[in-house]
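Each chain is listed here by its residues.
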Amino acid sequence: MAELWISNSHAKINLGLNVLERLDNGYHTIETGFCFIEWNDRFEVKHAPRMELVMSDEKIPVDDSNLIVKAIKLLQQEAGLKDEFYIEVEKNIPAGAGLGGGSSNAATTLRMMNKIANLGLNEHDLMELGRKLGADVPFFIKGKPGFATGIGEEIEELDIQPDAWVVTVFPDIESSTAEAYQFCEPNPEPEFSLKNVLLDEEPEEWRYLLMNQLEPAVFPRHHLVGNLKDQLYEFGADYASMSGSGSSVFGVFQQDFVAINAYESFHKLGFPANLTRPKFEPDTGIYVKEE
Ligand SMILES: C[C@](O)(CO)[C@H](O)COP(=O)(O)OP(=O)(O)OC[C@H]1O[C@@H](n2ccc(N)nc2=O)[C@H](O)[C@@H]1O
Ligand SMILES: Nc1ncnc2c1ncn2[C@@H]1O[C@H](COP(=O)(O)OP(=O)(O)OP(=O)(O)O)[C@@H](O)[C@H]1O
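Residues numbered from 1 in each chain as written. Chains lettered and ligands numbered in written order. Predicted model: local features only at pLDDT ≥ 70, side-chain atom pairs only at ≥ 80, totals over all residues.

Some words on the domain arrangement of the protein
Inference 1: Domain boundaries in the protein define domain 1 (3-159 + 283-290) and domain 2 (165-276).
Inference 2: Listed per partner, the contact involves 25 residues of domain 1 and 31 residues of domain 2.
Inference 3: Mapped by element, the contributors of at least two residues to the side of domain 1 that touches domain 2 are β1 (3-22) and β2 (28-47).
Inference 4: Per-element tally for the side of domain 1 that touches domain 2: the top contributor is β1, with ten residues.
Inference 5: Broken down by class, the residue content of the side of domain 1 that touches domain 2 amounts to 13 nonpolar, eight polar and four charged. (Domains from an automatic or database assignment. Contact = placed C-beta atoms within 7 Å. Helix = DSSP H or I, 4+ residues; strand = E, 2+ residues; numbered from the N terminus. Nonpolar A, V, L, I, M, F, W, Y, C, P; charged D, E, K, R; others polar.)

A word on the confidence of the model for the protein
Inference 1: Per-residue confidence for the protein gives a mean pLDDT of 97; residues scoring 70 or more make up 100%.
Inference 2: This prediction of the complex comes with two scores: 0.97 for pTM and 0.96 for ipTM. (pLDDT = per-residue confidence, 0-100.)

Topic: the site of ligand 2
Inference 1: Taken together, 19 residues sit near ligand 2, with Leu67, Gly101, Gly102, Asn105 and Gly244 positioned nearest.
Inference 2: Broken down by secondary-structure element, the contributors of at least two residues to the shell around ligand 2 are α1 (67-78) and α2 (101-116).
Inference 3: Counted by class, the shell around ligand 2 contains six nonpolar, twelve polar and one charged residues.
Inference 4: Of the domains in this structure, domain 1 (3-159 + 283-290) and domain 2 (165-276) are the two that each give at least three residues to the shell around ligand 2. (Near = placed C-beta within 6 Å.)

Notes on helix α10 (residues 256-268)
Note: α-helices contain 3.6 residues per turn, so residues at a spacing of three or four share the same orientation.
Inference 1: For α10, with 13 residues, the first-to-last C-alpha span of 18 Å sits near the 18 Å given by 1.5 Å per residue.
Inference 2: Each element contacted by the buried residues of α10 is listed here: β7 (165-169), α9 (223-234), β9 (249-253) and β10 (273-276).
Inference 3: Backbone geometry just after α10 places Gly270 at a positive phi near 95°. (Expected span 1.5 Å × (residues − 1).)

A short note on unusual backbone geometry
Inference 1: At the junction of Gly246 and Ser247, the peptide bond is cis and its omega measures out at 15° in the coordinates.
Inference 2: Within the element layout of this structure, Ser247 appears in the loop between β8 (239-242) and β9.
Inference 3: You will see that Asn118, though not glycine, has its phi angle at about 50°, which is positive.
Inference 4: With respect to the helices and strands, Asn118 occurs in the loop between α2 and α3 (123-131).

What follows is the structure in structure tokens.
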């Protein structure tokens, strides 16, 4: 009987994002809080005579530009992966949404292949491989909320998953990460310590203390993104922000009925939206089923 391996690939949001410095290699040093939302892709993997990738979202190419293909190639080159797989991905996280969908898929691929093909890599090895695929990938390997520094790849695990409801809205616009960084203005000395704000202050204070410094680079080019952030406040959010390099925005709500009303209102307006429970914990387990 063939074994079918199953795992979730979760989305993230950024709680505050300070861009500190522009580096010579084009990257930027940042600090940001990472947490999870209840929006995930689902992987099904089995051994096969040759590698094949099928994604439910046909707009995402399944060629060498796909981060799943890149992760497989990296494992073949650097970790001795020889097995071939059929990989099917139910793609729910929108692409170019600032929710880390591609990076999360890369991390899920590394974690699953390591287990299924018995490559013997530990978390540190997987994070080292992950950083070669993207700045966000090490966070997804860790699979725990945390505070990120460096180019976003140095992760300190911290319990910053909001004890509040989170409503995430995708404006149906793809926002380029490279462009957002290119047009942002780094600030090496942020006014407040992002880490202390996340640990010590309540979400209703965050709007005065936290900032996503990529917003001024994205809002002028995508007005809808800024408008949806304003709308989250109008619907009663205690805190609202763009996630990562956009285009998604999210609101943090202390009261469940206010959050549910906001979530349903965005749905009625036709925007893909998501509602995440307080203190949500992602399930990153890898499960096997006999077929
Ligand atoms: C916006 C965030 O999602 C916030 O978590 C991340 O910083 C982006 O992470 P990512 O999508 O994994 O980014 P990568 O795939 O490594 O980089 C895409 C492009 O974004 C820019 N980039 C990314 C990360 C960073 N710290 N500085 C940058 O300037 C670079 O131009 C890079 O070519
Ligand atoms: N497996 C994948 N899933 C989604 N997008 C992928 C994948 N592989 C490559 N891509 C490409 O990556 C680009 C960005 O997608 P992604 O969903 O990672 O963006 P994002 O959520 O803005 O990322 P981040 O928050 O890390 O900046 C898209 O143009 C998409 O075509």
